[in-house]
Amino acid sequence: MKKIEASSLYLKGHLGLFQCPVCQKPFEKVEGHSVSCAANHQFDLSKKGTLHLLLKGGQNEYDKDMLSSRKNLADTGFFHPLLDAVYAHIESPEHATVLDVGCGEGSHLHYLSQKGLNGTKVGFDISKDAIQLAAGHFFEDAFWCVADLAHSPFGKEAFDVILNIFSPSHYQEFERVLKPGGRVIKVVPSPRYLIELREQLYATDATKKEYDNQQVVDRFLQSYPDAVKEEVAYTVKLTKESYRWLMEMTPLSWNADPEVKEKAMANPLPSVTVAVTLLISEKK
Ligand SMILES: [Zn+2]
């Protein structure tokens, strides 16, 4: 079956996961390769089987090179230990309905699927390029769409789990789309995340050398006072190649002094620390 046909069938079976991002009413029908609400706001599937639910054009902060570097790095297992920790907090992974917020090029959902996350999965990102890559590489793992939580196309109380891995949050919206008893699992970098790279690139710039996630953590705990907090940290060995992918992927390197960056590229780090804070909360 063609991807666009498979996605059309999927939409027919899972219409309740979505809503019209224009008027927030439910989608009522899937006809051909389009979905529409009662007011006839219509959204079309792409040939790759992805659904574009953005009202305006997406931003292009992440270009294609950055996205493929992230995929290459993910393929080496760079994120696996932190994803293993995320997986451990998902109840009934074989059945859960999961929304991956800011899924990027889809590597995280792909790995979690291989581990056994085999229910209904939707990955979305504001970047069209990211979603095209995700559907290109990991079509089978999820339904992929371009969307923005500010004009949310997701249905009320439709999801068991929200994954919020290194991506922005919208707590009010999380609350609306989660089923009662559903969980938000948020992953934020902790102060030692990529500390070696930070020291290499910003040795003389104290404001950039140090990073503090306290504000983000506090904001989460304000929204969810009963949240559970878990620290995960590990060291990843790097090759010359994976170091280059890391440099291309991380926003840390984008604003570094070009001379310092050039020097760093000639002296790849042998290893780097991945340290993150997991925040888990349950909707009452
Ligand atoms: Zn509508």
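Residues numbered from 1 in each chain as written. Predicted model: local features only at pLDDT ≥ 70, side-chain atom pairs only at ≥ 80, totals over all residues. Heavy atoms only, no water.

Another aspect to go through is the pattern of salt bridges. The tally for this structure, following the rule as stated, stands at ten salt bridges. Of the charged contacts in the structure, one is a salt bridge between Lys 71 and Asp 75, with a shortest N-O distance of 2.8 Å. Pair noted here: Lys 71 and Asp 75 are both in helix H2 (residues 64–75), with a separation of four residues, about one helical turn. A residue is classified by how much of its surface remains accessible, and Asp 75, at 47% relative accessible area, is partly exposed. Connected through shared salt-bridge partners, Glu 91, Arg 183 and Glu 282 make up one network. (Salt bridge = Lys/Arg side-chain N within 4 Å of Asp/Glu carboxyl O. Helix = DSSP H or I, 4+ residues; strand = E, 2+ residues; numbered from the N terminus. Buried < 20%, exposed > 50% of the residue type's maximum accessible area, 1.4 Å probe, protein only.)

Those protein atoms acting as donors to the zinc ion are Cys 20 (SG), Cys 23 (SG), Cys 37 (SG) and His 41 (ND1), and they sit at 2.1 to 2.3 Å. Taken together, the four donor atoms coordinating the zinc ion and their angles of 101 to 115° define a geometry best described as tetrahedral. Read in sequence order, the donor residues for the zinc ion give the motif C-x2-C-x13-C-x3-H. Of the two residues, Cys 20 is situated in the loop between helix H1 (3–13) and strand E1 (27–31) and Cys 37 in strand E2 (residues 34–37); the sequence distance between them amounts to 17 residues. With respect to burial, Cys 20 and Cys 37 carry one shared label: buried. (Donors = N, O, S within 2.8 Å, 3.2 Å for Na, K, Ca; no water. Tetrahedral: all angles 85-135°; square planar, octahedral: opposite > 155°, others 65-115°.)

Read from one edge of the open sheet, eight strands run E4-E7-E6-E5-E8-E9-E11-E10, paired in mixed fashion. The outermost strands of the open sheet, each flanked by one partner alone, are strand E4 (51–52) and strand E10 (228–237). Summarising the sheet, strand E5 (residues 97–101) and strand E8 (residues 159–165) pair through three bridges and their orientation is parallel. Pairing of Val 98 across the sheet is with Val 161, part of E8. (Pairing = 2+ DSSP bridges.)

Moving on: the UniProt feature "binding site: Zn(2+)" (unreviewed entry) in the protein chain. As recorded in UniProt, the sites labelled "binding site: Zn(2+)" (unreviewed entry) are Cys 20, Cys 23, Cys 37 and His 41. In summary, the annotated positions, though distributed over 22 residues, converge in three dimensions, the widest C-alpha pair being only 8.5 Å. Assessed through its relative accessible area of 0%, Cys 20 is described here as buried. Excluding anything up to four places from it in sequence, Cys 20 contacts Lys 25, Phe 27, Cys 37, His 41, Phe 43 and Ser 152. Note on placement: Cys 23 falls in the loop between H1 and E1. (UniProt positions renumbered as here; feature names shortened; annotations may be inferred. Contact = heavy atoms within 4.5 Å.)

To continue, consider the packing of H2 against helix H10 (residues 240–249). One way to put it is that H2 packs onto H10 with a least axis distance of 8 Å and a crossing angle of 135°. Taken together, H2 and H10 sit at an angle that is classed as oblique. Viewed along their axes, H2 and H10 form a crossing whose handedness is left-handed. Contacts from Met 66, Ser 69, Arg 70, Asn 72 and Leu 73 in H2 reach Ser 242, Trp 245, Leu 246, Glu 248 and Met 249 in H10. Within the contact of H2 with H10, the residues separate by chemical class into five nonpolar, three polar and two charged. (Axes fitted to C-alpha atoms, helices over the stretch in contact; angles between N-to-C directions. Parallel < 35°, antiparallel > 145°, perpendicular 65-115°, else oblique. Left-handed = near helix turned anticlockwise from the far one by under 90°. Nonpolar A, V, L, I, M, F, W, Y, C, P; charged D, E, K, R; others polar.)

To continue, consider the environment of Pro 251. Position of Pro 251 among the secondary structure elements: in helix H11 (residues 251–254). Measuring from C-alpha to C-alpha, the distance between Pro 251 and Met 66 comes to 9.5 Å, with 185 residues separating the pair along the chain.

Right, let's talk about the side chain of Ser 242 for a bit. Relative to the elements of secondary structure, Ser 242 occurs in helix H10. For Ser 242, a relative accessible area of 6% translates into the label buried. Contacts of Ser 242, omitting those with residues within four sequence positions, involve Leu 73 and Lys 237.

So, on to the sheet that holds E2. Backbone hydrogen bonds hold the strands of a sheet together, and the pairing may be parallel or antiparallel. Spatially, three strands are ordered E1-E2-E3 in an open sheet, and the strand pairing comes out antiparallel. If you trace the sheet from one side to the other, it starts and ends with E1 and strand E3 (42–44), each paired once. Strand-to-strand twist across the sheet, computed as the mean angle between neighbouring axes with direction ignored, equals 20°.

The next thing to look at is the pairing of E1. Two strands pair when backbone bridges link them, and E1 and E2 are joined in this way by four bridges, in the antiparallel orientation. Bridging from a neighbouring strand, Val 30 pairs with Val 35 of E2. Connecting the antiparallel pair E1 and E2 is a turn made up of two residues, with Gly 32 showing a positive phi of about 60°.

Before going further, it helps to spend a moment on the environment of Ser 127. Structurally, Ser 127 is set in the loop between strand E6 (120–125) and helix H5 (128–138). The exposure class assigned to Ser 127 is buried, which follows from its relative accessible area of 1%. Spatially, the C-alpha atoms of Ser 127 and Asp 148 are 9.4 Å apart, while their sequence positions differ by 21 residues. Polar side-chain contacts of Ser 127 include one of 3.0 Å to the backbone nitrogen of Ala 130. (Polar contact = N/O pair within 3.5 Å; in protein donor to acceptor, adjacent residues only side chain to side chain.)

Tallying each qualifying case throughout the model produces 13 aromatic pairs. Taking the centre distance of 5.9 Å and the plane angle of 70° together, the rings of Phe 27 and Phe 43 count as edge-to-face. Of this pair, Phe 27 sits in strand E1 while Phe 43 sits in strand E3, and the two are 16 residues apart along the sequence. Residue classification places Phe 27 among the buried positions, given a relative accessible area of 6%. Judged by centre distance (5.6 Å) and plane angle (80°), the ring pair of Tyr 171 and Phe 220 falls under edge-to-face. You can see Tyr 171 sitting in helix H6 (residues 171–177) and its partner Phe 220 sitting in helix H9 (residues 214–223), a full 49 residues away along the chain. (Phe/Tyr/Trp six-rings, centres within 6.5 Å; stacked < 30°, edge-to-face > 60°.)

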